[in-house]
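Structural characterization, general
Next come the chains, spelled out residue by residue.
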Amino acid sequence: MLHEDVESSTLGNRRDVGLAAVLDSPATVAPRKSAKDLPPYGAQHRQDALWKGGNESLPPMWQQFQVPDHKTLYQDNNLIMGSWNRPLPGVRLDHAGDLVPGCEWHISPSGRSYFVNHNTRTTSWKKPVPDRQAGSLTPECVIKGHSKCIWDIACLGSSGGIMSSSSDGSIHQWTRDGEPIGKPWVSDGGVVGSIGVSPDETMVASGSADGRVRLWNIEEGKMVGNPWKGHNDAVICLNWSPDAVEIATGSYDGTIRRWNPYTGRQIAPLIETNHGWVHAVKYSPQGDKFASGGADKIIRLWSKKGELLIQIKGHENAVTSLCWSKDGTRIFSASSDCTIRAWQSSDGKELVVLRGHTKAVTSVCLSPDESHLISASRDCSVRIWDLETNQPLGDPLLHDGELLALAMSVDGNYFVGAQLYAKVYVWSLEAALKQQGGDQVGVRMYGYCYWRLR
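Now for a look at the structure at hand.

What counts, and where the lines are drawn
- Residues numbered from 1 in each chain as written.
- Predicted model: local features only at pLDDT ≥ 70, side-chain atom pairs only at ≥ 80, totals over all residues.
- Heavy atoms only, no water.
- Pairing = 2+ DSSP bridges.
- Helix = DSSP H or I, 4+ residues; strand = E, 2+ residues; numbered from the N terminus.
- Axes fitted to C-alpha atoms, helices over the stretch in contact; angles between N-to-C directions.
- Buried < 20%, exposed > 50% of the residue type's maximum accessible area, 1.4 Å probe, protein only.
- 1 Å grid on protein atoms, 1.4 Å probe; cavity = no way out; pocket = protein on both sides within 12 Å on 5 of 7 lines; lining within 4 Å.
- Points joined across faces, edges and corners; volume = space filled by probe spheres on them.
- Nonpolar A, V, L, I, M, F, W, Y, C, P; charged D, E, K, R; others polar.
- Contact = heavy atoms within 4.5 Å.
- Core = buried A, V, L, I, M, F, W, Y, C linked by side-chain atoms within 4.5 Å.
- Polar contact = N/O pair within 3.5 Å; in protein donor to acceptor, adjacent residues only side chain to side chain.
- Salt bridge = Lys/Arg side-chain N within 4 Å of Asp/Glu carboxyl O.

1. Description of the sheet that holds strand E27 (residues 350-355)
Strand order across the open sheet formed by four strands is E24-E25-E26-E27, with antiparallel pairing between neighbours. Strand pairing shows two members of the sheet lacking a second neighbour, strand E24 (319-324) and E27, which therefore form its edges. Neighbour-to-neighbour, the strand axes of this sheet turn through a mean angle of 20°, independent of strand direction. Taken together, the five bridges between strand E26 (residues 339-344) and E27 define a ladder with antiparallel strand orientation. Note that in E27 the partner of Ile 340 across the bridge is Leu 354.

Pasting the structure below:
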């Protein structure tokens, strides 16, 4: 899932990478020395950087790193946005499908990202998001409290509570109405990219940018013991086994490790997955196997001994999220190819492809009765799918930022979405199912972002 700070954009698929484009405008303005000065619409900059180090250095709060295919990605850590193009004034940083149609991403001479909206002929420091239609369903509440983007979220069944983890290095607990429960739990491992609640709801495991796993006591709101060391890079996904005797974690280091939650020790040899980055790991409800997905587009099923059972191929881009049917016969997967797919777990046969999102699908979960699947996407929407017809129900549920995580309450009454503007949206499933409206299936836009925790 991850890197630090408060906003994000998707990154174009490798096939969309082309020459950097310059703003198409006859106007030319003098370079601005203050980041407070928003370049006007029609500005055309020379490629003369005014930040420290000039053209030979990256702008402030930017970094570059290698993604799994060894290509260089440039990332604005203020916005959690990545580009294949080196950031320079006058260089267009977005690629096809990254932004709302008619918008572009650029950087000012002083080193601050800004956006050009040709639809309104304006510029803005804030990335444009889709407009909410009049009369569309609104969430029960919007929870605010984190200071940076929220990477993962979970629901507590017994109390009806919600837990969220963030780039601000904290874990928060909330009521369904958005009231904070106790004080935030502060991790010393940097960005908290993943969380998982134990089956008995007494503990929470968290994975952080420092590559360590931490165990927390929910009632006490404190960390239990010392961090678990093993991964060589950020821990970006984790899952408890149904019997709560082990926790599986996946990392940017390409491995899955399994831990005894009572001792914090690894209980089996690490698994070299060949995913590149491991974005998802999920135990089957029976606990006899687990599935993983990652940057290489492949889903892999593993035995409890860590032996590879099958490889499932079909997605055209990274696999970002997984969930199982209760009987363990089906696996649902989300991908940066904008689709959700269902697979037969016994042999990997593809059962259905759900299309409707216009950007990377980041998270999926099933309703308790398994009649509906809920999906979250970087197109700023949540969609509900009828698994009898395999069609989306009603209009997309829109957010004011891209969605990174999704969770369903145990009783099925509500679900929650976590997004990049540090907000949690709480939705009533019943109200969403009653929503009426035409199906809005957009043009598919590849938009997988190789964003990273810092």
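Additional details are given in the paragraphs that follow.
2. What about the pairing of strand E18 (residues 255-259)?
One face of the sheet, then the other: side chains in a regular strand alternate in exactly this way. Of all five residues making up E18, five are buried, and the element is well covered by its neighbours. The alternating pattern of E18 places Thr 255, Arg 257 and Trp 259 and Ile 256 and Arg 258 on opposite faces, both of which are buried. Inspection of the sheet shows strand E17 (residues 247-251) paired to E18 by four bridges, in the antiparallel sense. Following the sheet pairing, Gly 250 is matched in E18 by Ile 256. The hairpin turn running from E17 into E18, its antiparallel successor, is three residues long, and Gly 254 in that turn takes a positive phi close to 85°. Pairing of E18 with strand E19 (residues 271-272), which is carried by two bridges, proceeds in the antiparallel orientation. Its bridge partner lying in E19, Ile 256 is registered against Ile 271.

3. Description of the layout of surface pockets
Of the pockets and cavities examined, the largest pocket occupies roughly 1,400 Å³. Every residue lining the largest pocket is counted, 47 residues in all, and those nearest its centre are Asn 239, Lys 282, Cys 323, Cys 365 and Met 408. Of all elements in the fold, only strand E8 (150-155), strand E12 (192-197), strand E16 (235-240), strand E20 (278-283), E24, strand E28 (361-366) and strand E33 (403-408) reach the threshold of two or more residues within the lining of the largest pocket. Partitioned by chemical class, the residues of the lining of the largest pocket number 29 nonpolar, 13 polar and five charged.

4. Details of the side chain of Ser 170
Locating Ser 170 in the fold gives a position in strand E10 (residues 170-174). Dropping the residues within four chain positions of it, Ser 170 is found in contact with His 146, Ser 164, Ser 165, Pro 184, Trp 185, Val 186 and Val 192.

5. Some thoughts on the nonpolar core
Most often, soluble globular proteins keep nonpolar side chains buried together rather than apart. By size, the foremost hydrophobic cluster in this structure holds 15 residues, and its most contacted members are Trp 62, Leu 93, Trp 105 and Phe 115. For this core, the element with the most residues is strand E4 (residues 103-107), which contributes three residues.

6. Observations regarding the environment of Leu 387
Inspection of the secondary structure assignment puts Leu 387 in the loop between strand E30 (381-386) and strand E31 (391-392). Separated by 14 residues in sequence, Leu 387 and Leu 373 place their C-alpha atoms 6.9 Å apart. With sequence-adjacent residues up to four places away left out, Leu 387 is seen in contact with Phe 332, Leu 366, Glu 370, Ser 371, His 372 and Leu 373.

7. With respect to the sheet that holds E4
Strands sit in the order E4-E5-E6 across an open sheet of three strands; the sheet is antiparallel. Of all the strands in the sheet, the pair left with one neighbour each is E4 and strand E6 (122-124). The mean angle between the axes of side-by-side strands here comes to 25°, regardless of whether they run parallel or antiparallel. In this sheet, E6 lies alongside strand E5 (residues 113-117) in antiparallel orientation, the contact comprising three bridges. Residue pairing across strands places Phe 115 opposite Ser 124, the latter belonging to E6.

8. Some remarks on the side chain of Thr 320
The residue Thr 320 is located in strand E24 in this model. Judged by its relative accessible area of 11%, Thr 320 falls in the buried class. Polar side-chain contacts of Thr 320 include one of 2.5 Å to the backbone oxygen of Val 361.

9. Some thoughts on the pairing of strand E25 (residues 330-335)
With five of its six residues buried, E25 lies for the most part within the structure. Counted between consecutive antiparallel strands, the loop separating E24 from E25 contains five residues, among which Gly 328 sits at a positive phi close to 75°.

10. Some remarks on the pattern of salt bridges
Applying the stated criterion across every chain yields a total of 17 salt bridges. Its salt-bridge partner being Asp 337, residue Arg 341 comes within 3.5 Å of it at the nearest N-O pair. Neither Arg 341 nor Asp 337 differs from the other in exposure class; each is buried. Residues participating in the shared-partner salt-bridge network are Arg 92, Asp 94 and Glu 104.

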